[in-house]
Amino acid sequence: MNMELKEKDLGGRISEFAGLETPFLLPVYNPNKPSISTKRMQEMGVKSLITNSYILRKKDREKVVSEGVHDYIGFDGFVMTDSGAYQLMEYGDIDVSNKEIVEFQKKIGADAGVPLDIPGTGKKREIEENLDKTLERCKEAQELFEGNVRWAGPLQGGKYLDLRKKSAEKLAEMDFDFYALGSIVPQMNAYEFSNVLDQLHVVKQILPQNKPVHVFGAGHPMFFCFPVALGADIFDSASYALFAERKKYLTETGTIGLEDLEELPCSCPVCSKYKASELNEKLLAEHNLWKCLEEIKRIKEHIRRNTLWELLETRARTHPALLKAFKKMKNYQEYLEELDVFTKKRFFWLSEQSKNRPELLRHERRMQEPMNSKKLVEAFPFKDVPAEVLEMYPFGQRILPENPEEDFPEVTDLERINGLAKYMYSLRNAFDEDVQIKTGNTGRIRSVHKDDEVLASVRCSDGTLIPHKLSEKIHEETEGNTVVVDRDSEPFVKDGKSVFAKFVEECSSDVRAGKEVLIENLDGKLLGSGTAELSAKEIRDFDRGVAVSTRWTRDQEDQ
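Given the structure is predicted, the values throughout are model-derived calculations rather than measurements.

**Side note on a negative patch on the surface**
A cluster of like negative charges, contributed by E433, D434, D451 and D452, occupies part of the molecular surface. The residue D452 is located in the loop between β19 (445–450) and β20 (453–458) in this model. Exposure remark for D452: the relative accessible area of 81% places this residue in the exposed category.

**Description of the side chain of D462**
Mapping D462 onto the fold places it in the loop between β20 and β21 (465–467). At 2.7 Å, the side chain of D462 forms a polar contact with the side chain of T343. Leaving out residues up to four positions away in the same chain, D462 has contacts with T343, K344, E391, M392, Y393 and Q397.

**A look at the sheet that holds strand β3 (residues 20–22)**
Sheets are built from strands that pair by backbone hydrogen bonding, the pairs being arranged parallel or antiparallel. On the basis of which strands lie adjacent, the open sheet formed by three strands has the order β1-β2-β3 and antiparallel pairing. Looking at which strands have only one partner, the edges of the open sheet turn out to be β1 (4–9) and β3. Each adjacent strand pair in this sheet contributes to an overall mean axis angle of 15°, direction not counted. Bridge count for strand β2 (residues 12–17) against β3 is three bridges, and the pairing is antiparallel. Within β3, the residue paired with F17 across the bridge is L20.

**A look at the sheet that holds β19**
In spatial order, the strands read β18-β19-β20-β21; together these four strands make up an open sheet with antiparallel pairing. A strand with exactly one partner marks an edge of an open sheet, and here the two such strands are β18 (436–439) and β21. Going across the sheet, the axis of each strand differs from the next one's by a mean of 25°, ignoring polarity. The sheet strands contacting helix α18 (residues 413–425) are β18, β19, β20 and β21, and the helix crosses β21 at an angle near 75°.

**Things to note about the pattern of salt bridges**
Note on pairing: side chains with opposite charge can pair once their charged atoms come close. A complete count under the given rule lists 49 salt bridges for this structure. Notably, a salt bridge pairs K8 with E538, separated by 3.5 Å at the nearest N-O pair. Highlighted residues: K8 in strand β1 and E538 in helix α21 (residues 536–541), separated in sequence by 530 residues. Each member of the pair, K8 as well as E538, is classed as buried. A salt bridge links K106 to E103, with the shortest nitrogen-to-oxygen separation between them at 3.3 Å. Here the residue K106 and the residue E103 both occupy positions in helix α5 (residues 98–107), the gap between them amounting to three residues, near one helical turn. Among the charged side chains, a network of salt bridges with common partners joins D9, E310, D340, K344, R346, R357 and E359.

**Description of α18**
Taking 1.5 Å as the rise per residue, α18 with 13 residues should run 18 Å; its terminal C-alpha atoms sit 18 Å apart, in good agreement. Among the 13 residues of α18, 10 are classified as buried, and the element is accordingly described as predominantly covered. Positioned one or two residues after α18, S426 has a phi angle of 60°, which is positive.

**A look at the environment of N210**
Locating N210 in the fold gives a position in the loop between α9 (193–204) and β10 (213–215). N210 gets classed as buried once you look at its relative accessible area, which sits at 7%. Along the chain, N210 and D177 lie 33 residues apart, while their C-alpha atoms are 9.7 Å from each other.

**Re the packing of aromatic side chains**
Taken as a whole, this structure holds 14 aromatic pairs when the rule is applied. For the ring pair F145 and W151, a centre distance of 4.8 Å and an interplane angle of 10° mean the geometry is stacked. For the pair F145 and W151, one class covers both residues: buried. Their ring planes at 70° and their centres at 4.9 Å tell us that W349 and F380 sit as a pair that is edge-to-face. Of this pair, W349 sits in the loop between β14 (347–348) and α17 (358–366) while F380 is found in the loop between β15 (376–379) and β16 (382–386), placing the two residues 31 residues apart along the sequence. On the accessibility criterion, F380 (40% relative accessible area) is partly exposed.

**Remarks on unusual backbone geometry**
Between T22 and the following residue, P23, the backbone shows a cis peptide bond with an omega angle of -5°. With respect to the helices, strands and loops of the structure, P23 is situated in the loop between β3 and β4 (24–29). Looking along the chain, the bond that leaves F380 and enters P381 is cis, with omega of 5°. Take P381: it is sitting in the loop between β15 and β16.

Reading guide: rules and limits
- Going along each chain's sequence as written, the residues are numbered from 1 onward.
- In view of the model being predicted, local features appear only for residues whose pLDDT reaches at least 70, and side-chain atom pairs are presented and counted only at 80 or more, with totals across whole chains, interfaces and linings using the full set of residues.
- To obtain the side-chain values, all non-hydrogen atoms of the structure were used and water was disregarded.
- A patch consists of residues whose relative accessible area exceeds 30% and which take part in no salt bridge; residues with like charges are grouped when within 9 Å of each other, and nonpolar side chains (Val, Leu, Ile, Met, Phe, Trp, Tyr) when within 5 Å.
- Shrake-Rupley sampling with a 1.4 Å probe provides the accessible areas, and residues are treated as covered by the protein chains on show and by no other component.
- Any Lys or Arg side-chain nitrogen located within 4 Å of an Asp or Glu carboxyl oxygen qualifies as a salt bridge.
- Counting rule applied: Lys, Arg positive; Asp, Glu negative; His and chain ends not counted.
- Charge coordinates come from a single atom per side chain, which is NZ of Lys, CZ of Arg, CG of Asp or CD of Glu.
- Only DSSP runs of H or I with at least four residues qualify as helices, and only runs of E with at least two residues qualify as strands; both kinds are numbered from the N terminus onward.
- The buried label applies to any residue whose accessible area, calculated with a 1.4 Å probe on protein chains only, is under 20% of its type's maximum; exposed applies above 50%, and partly exposed to all values in between.
- Pairs of N or O atoms are called polar contacts if they sit within 3.5 Å, as long as, within protein, a hydrogen donor faces a hydrogen acceptor (for residues adjacent in sequence, only side-chain-to-side-chain pairs).
- Residue contacts are counted whenever heavy atoms from the two residues lie within 4.5 Å of one another.
- For two strands to be treated as a pair, DSSP must find no fewer than two bridges joining them.
- Each axis is a line fitted through C-alpha atoms, taken for helices only over the stretch in contact, and angles between the N-to-C directions span 0 to 180 degrees.
- Each residue after the first adds 1.5 Å to the expected span of a helix.
- Pairs were defined over the aromatic rings of Phe, Tyr and Trp, the Trp ring being its six-membered one, requiring ring centres within 6.5 Å. Orientation was assigned from the angle between planes: stacked under 30 degrees, edge-to-face over 60, tilted for the rest.

If you want it as structure tokens, here you go:
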């Protein structure tokens, strides 16, 4: 039931979970007042939704058990059921026990369910007491887990980060299929987006990387990309219906009162067919849901193109509360650096907040080790950049509002490849004057040879130095940047096959997705090198998917 990661950017990831592609949205379906029928939802392409098991139990218990939740609500996709915690938060009490609601979710055939947690609202002492009760209920529920239901561990603790941390630590020890950040609706309603991100940041550093995190009541689509960037995978939202009740029209940048619209600024099926004056509550709910679904698709495309930061910058300009949340990215920089991909196609500088991009921290850390370069330059916004590496990412891929006057010193090809080897692999004097350096039509270095052997190549798109035979020298003279595989994987690596995460025994903490790494066996012998597909954190937690795409292997006789 664990995830398999496919694409990633910052902390965001596209993965497979329960037959669905994350990130995905669970529109809230209220069986007492369905704004949109489940049939219409499926026609709109909705493959998953969430409904309330407490309401179903109160409304039509025997029939729901008899028919099963899918047939009862008329939806053949993924159905998650909530436990009634929201009603507990709203009304203070409900007439069902934790055991009863867990058993009910099993009986009705929910695809995913939640124990009866207690919302984190009120004073801190009360929230902590309720957190302890929630954890006890989670333990009780574990004894009832069976069948095909995927269970979410509810993360409580309210606004108190120490309580959120406690919740995550305790739940991480339990056997949950995924985790759900609860009690954020009051904060979302108050536009306290930055507080929600702080809480998500705390729990994500503790929870295993290979299990999804669900954000309960994520609300407005303009906010979705922010929790995704920190590693949230699943969202539920009733905003499409709640805003429609109030005659509010959702856009990806905010909310507009229907009475203030003359033309509909959207091309969804509703807005393409009707005028603003013709929209009733049902049609408005449909439009609002279209915008939520559209934003999830947009986020996925930004992950695939490694431009999620740019989307955050764009959304941050739509509301002061989002800008406040975006400025918090500085506090998450270390966490994001561990997960962000090593190289991208471009580096956009869009505002002063761009200084919080993980690339700047990564460069700052790299320069803590003396580079022995006599040609350090400033390449805005980076300082002390060796001129030898100016063509590699992110320096050579900078796109700035105004091009500053930069007078860079000339660098020979030999200086360039040695500078790259030092900057990327901490390797001193990697190449001597006897090597042959081949360049392309543009004059850029393509590969480095010696005695008919390829020592390394340079990728044109990002200037990365890719080691071939040079891997042996890196292995002999440096430490770290290594993935260690088990015995069973050795012959596959020698054949040039990819390394899968579940066969990795050890992993250096400096491994990053997109970075060139060494592959060792358990005896410390070099098997080959390749491109890491996951970060060190992810390799340690994931048991599905490729960890390293092998690019070069040592000859069999050298083993």
